[in-house]
Amino acid sequence: MPCGYALCCAFLPGDRYIVVGTKAGILQIFDIASSSLVEEVEAHKEAIWSLCVLPDKRGIVTGSADQKVKFWQFELVEEDEAEEDENSMDTSESAQIPTKNRRLTLVPTRVLKMSDAVLCVKVCANNKLLAVSLNDYTIKVFYVDTLKFFLSLYGHSLPASVIDISTDSTLLVSGSADKNIKIWGLDFGDCHKSIFAHDDDIMGVCFLPKTHLFFSCARDGSIKQWDADKFTHVTTLRPAHHAEVWSIVSSSSGMSLVSSSHDRSIRVWEKSAEVLVLEEEMEQQREKEADMELEKEENPVVPGETSEEIGFASKKTVESVKSTERIMEAIDLWRTEKDKIVKSDEDLHPLLRAFKCKSPVDYVLEVLKKVKPSELEESLLVMPFHFATDLLQLLDVLLKQQRNVELVTKCLLFLMRIHHNQITSNQMILPTIDRLKTSSTHVVEKYKDRIGVNMSALTILKSRLEERSADELFTDATDRFKKKEKRRKGKHKGPQLV
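Conventions and cut-offs
Residues numbered from 1 in each chain as written. Predicted model: local features only at pLDDT ≥ 70, side-chain atom pairs only at ≥ 80, totals over all residues. Heavy atoms only, no water. Axes fitted to C-alpha atoms, helices over the stretch in contact; angles between N-to-C directions. Helix = DSSP H or I, 4+ residues; strand = E, 2+ residues; numbered from the N terminus. Left-handed = near helix turned anticlockwise from the far one by under 90°. Contact = heavy atoms within 4.5 Å. Core = buried A, V, L, I, M, F, W, Y, C linked by side-chain atoms within 4.5 Å. Buried < 20%, exposed > 50% of the residue type's maximum accessible area, 1.4 Å probe, protein only. Salt bridge = Lys/Arg side-chain N within 4 Å of Asp/Glu carboxyl O. Expected span 1.5 Å × (residues − 1). Patch = residues over 30% accessible without salt bridge, like charges linked within 9 Å, V, L, I, M, F, W, Y side chains within 5 Å. Areas by Shrake-Rupley, 256 points an atom, 1.4 Å probe, with all protein chains shown as cover. Pairing = 2+ DSSP bridges. Phe/Tyr/Trp six-rings, centres within 6.5 Å; stacked < 30°, edge-to-face > 60°. Lys NZ or Arg CZ within 6 Å of the ring centre and 35° of its normal.

**Concerning the packing of helix H2 (residues 318-337) against helix H5 (residues 373-381)**
1) Next: Interaxial distance between H2 and H5 falls to 8 Å at its minimum, and their mutual angle equals 65°. Note that H2 runs across H5; the crossing there is right-handed. Only Glu375, Glu378, Ser379 and Leu380 of H5 make contact with H2, whose side of the interface consists of Glu319, Ser320, Ser323, Thr324 and Ile327.

Listed below in structure tokens is the structure:
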């Protein structure tokens, strides 16, 4: 249905008509069944930012940028219309039958003059109070019957663009461009709680019927549920919209929620029977915040690196921190279990049995293997120095056993690089460093020789294969040539006479 620049809309009682407030200050009434425009009313001189159906369902309230709040009453107007009888060929007066049609219209009843532009209006469920959000950062509350001033709610640092009132008419929730949600009491006008709710401007708030639970949406694309009594975040609806969420509205039963977004989608959220555990939601929220903090942190300074442009191509993540914790737990297990005498598999630590390891050294090696190569250096980088010294002793044992030399050597070289100053100044670990120097040099040279021999052998095999393929190619070509010559000679032979 074509209409003006729509800013707000609402279903009228009976769900047969829709009223739309436009930027030009016109109220348009549409018939849903016929998809036609029924009535246009010049309501305000400037944009109509908000409208609300009165709880008694006898009219609506509109708020505009012309600093006026107007009350409107529904009326049915009768119109005479002549319908031509197409089935009759009579041209007399009986061919035209006058009928009467009823058309819905709006009649203004009262006007409330405000001190600034009106952004949002809301009437409480008991039809006693009217809340008006103004462009001067305040929310004014009036009595509906007399339009006398009752309360002034102030505290937002930017205009409150959206407000809503609970079903029991005791709480008011306001959302502003300052990214905060404020919960107000309508008995004395006190602010119960101010919550930093979203990362961008808040575009909508909506109470669930007969509860103190409410939803909020914002330009950051998220929709969140809150408890107005406990002032806690209940949950975030997922999957989220891909762009700004402009508005949300709840059904009269509270079983569904509808949201509209700048991604050109309208989503309907249904209430499920799944039990929601607040502790788990809070834990997920804390983990998400921890991830964001880790992403914002700068990379740690590595000893010996003087230029800020030189650094590791890595980023501290939750996975690297968890990998560091697993390595540290494995080293702690090695400290406690290395001197124990194990007579049977039952005497082994449960973790060793779970990983099918025969010794604590094997368990540490398994933990190092499970760390992703891209996160290994970052995991070793955040490890405390006293754990690094124990890991050096373990690497010495693994090098003597010549187990996973590449991984062990990589860990050794990186630890020596980042803890060089501490290692050289610590006399207690110098013997370990001397043993590592000898064993690593011996093992690496041995593997280097083995790789050299293998490379030479592969080179010889490659050359032999090439020679063999060349000989075979020459032999095949010779055989084909001989067969071709034989066929050619057979064709030139003439008939023999007896």
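**Some details on the nonpolar core**
1) Next: Within the largest apolar cluster, 39 residues are counted, with the highest numbers of intra-cluster contacts made by Ile327, Leu380, Met383, Leu391, Leu392, Leu395 and Leu415.
2) Next: Of all the secondary structure elements, the ones that give two or more residues to this core are H2, helix H4 (360-370), H5, helix H6 (385-400), helix H7 (405-418) and helix H9 (430-492).
3) Next: Here the element with the most residues in this core is H6; it accounts for 8 residues.

**Some remarks on the pattern of salt bridges**
Once the charged atoms of two side chains with opposite charge are near each other, the side chains can pair.
1) Next: Counted under the stated rule, the structure contains 8 salt bridges.
2) Next: Here Glu39 makes a salt bridge to Arg103, at a shortest N to O gap of 2.0 Å. With Glu39 in strand S4 (residues 36-42) and Arg103 in strand S8 (residues 96-113), the pair connects residues that are 64 residues apart, well separated along the chain.
3) Next: By relative accessible area, Glu39 is classed as buried at 17%.
4) Next: A salt bridge links Asp390 to Arg335; the shortest N-O distance between them is 2.3 Å. Separated by 55 residues along the polypeptide, Asp390 in helix H6 and Arg335 in helix H2 bring together distant segments of the chain.
5) Next: Within the structure, one salt-bridge network assembled from shared partners comprises Asp332, Arg335 and Asp390.

**Here we look at the packing of H5 against H7**
1) Next: At their nearest, the axes of H5 and H7 sit 10 Å apart, and the two run at 40° to each other. The handedness of the crossing between H5 and H7 is right-handed. Residues Pro373, Leu376, Glu377, Leu380 and Leu381 of H5 touch H7, and the partners they reach there are Leu407, Lys410, Cys411, Phe414, Leu415 and Ile418.

**Let's talk about H7**
1) Next: Between its first and last C-alpha, H7 extends 20 Å over 14 residues, near the 20 Å set by a 1.5 Å rise per residue.
2) Next: Along H7, the residues classified as buried are Val405, Leu407, Val408, Thr409, Cys411, Leu412, Phe414, Leu415 and Ile418.

**So, a nonpolar patch on the surface**
1) Next: Where nonpolar side chains cluster on the molecular surface, the patch consists of Ile451, Met455, Leu458 and Leu461 and spans about 410 Å² of accessible area.
2) Next: Inspection of the secondary structure puts Leu458 in helix H9.

**Notes on the sheet that holds strand S19 (residues 223-227)**
1) Next: Taken in spatial order, the 4 strands make up an open sheet running S17-S18-S19-S20, and their pairing is antiparallel. What marks the edges here is a single partner per strand, and that holds for strand S17 (202-207) and strand S20 (232-236). Pairs of neighbouring strands in the sheet enclose a mean axial angle of 25°, with direction left out of account.
2) Next: The pairing of S19 with S20 spans 4 bridges and is antiparallel. Bridge pairing in S20 links Trp226 to His233.

**Some points on the packing of aromatic side chains**
Aromatic ring pairs are reported here in terms of the distance separating the ring centres and the angle at which the planes meet.
1) Next: Within this structure, the stated rule accounts for 4 aromatic pairs.
2) Next: Seen from the ring of Phe71, Arg110 lies directly overhead, with NZ or CZ sitting 4.4 Å from the centre.
3) Next: It is Arg335 that lies over the ring of Phe387; its NZ or CZ is 4.6 Å from the centre.

**With respect to the environment of Glu378**
1) Next: Among the structural elements, Glu378 can be located in helix H5.
2) Next: Counting along the chain gives 54 residues from Glu378 to Thr324, while the straight-line C-alpha distance between them is 8.5 Å.

**Brief notes about the sheet that holds strand S21 (residues 245-250)**
1) Next: Pairing within the open sheet is antiparallel, and its 3 strands lie in the order S21-S22-S23. The outermost strands of the open sheet, each flanked by one partner alone, are S21 and strand S23 (266-270). The mean inter-strand angle of the sheet, taken between neighbouring strand axes irrespective of direction, is 20°.
2) Next: Examined bridge by bridge, S21 and strand S22 (residues 256-261) share 5 bridges and lie antiparallel to one another. By the bridge assignment for S22, Ser247 is matched with Ser260.

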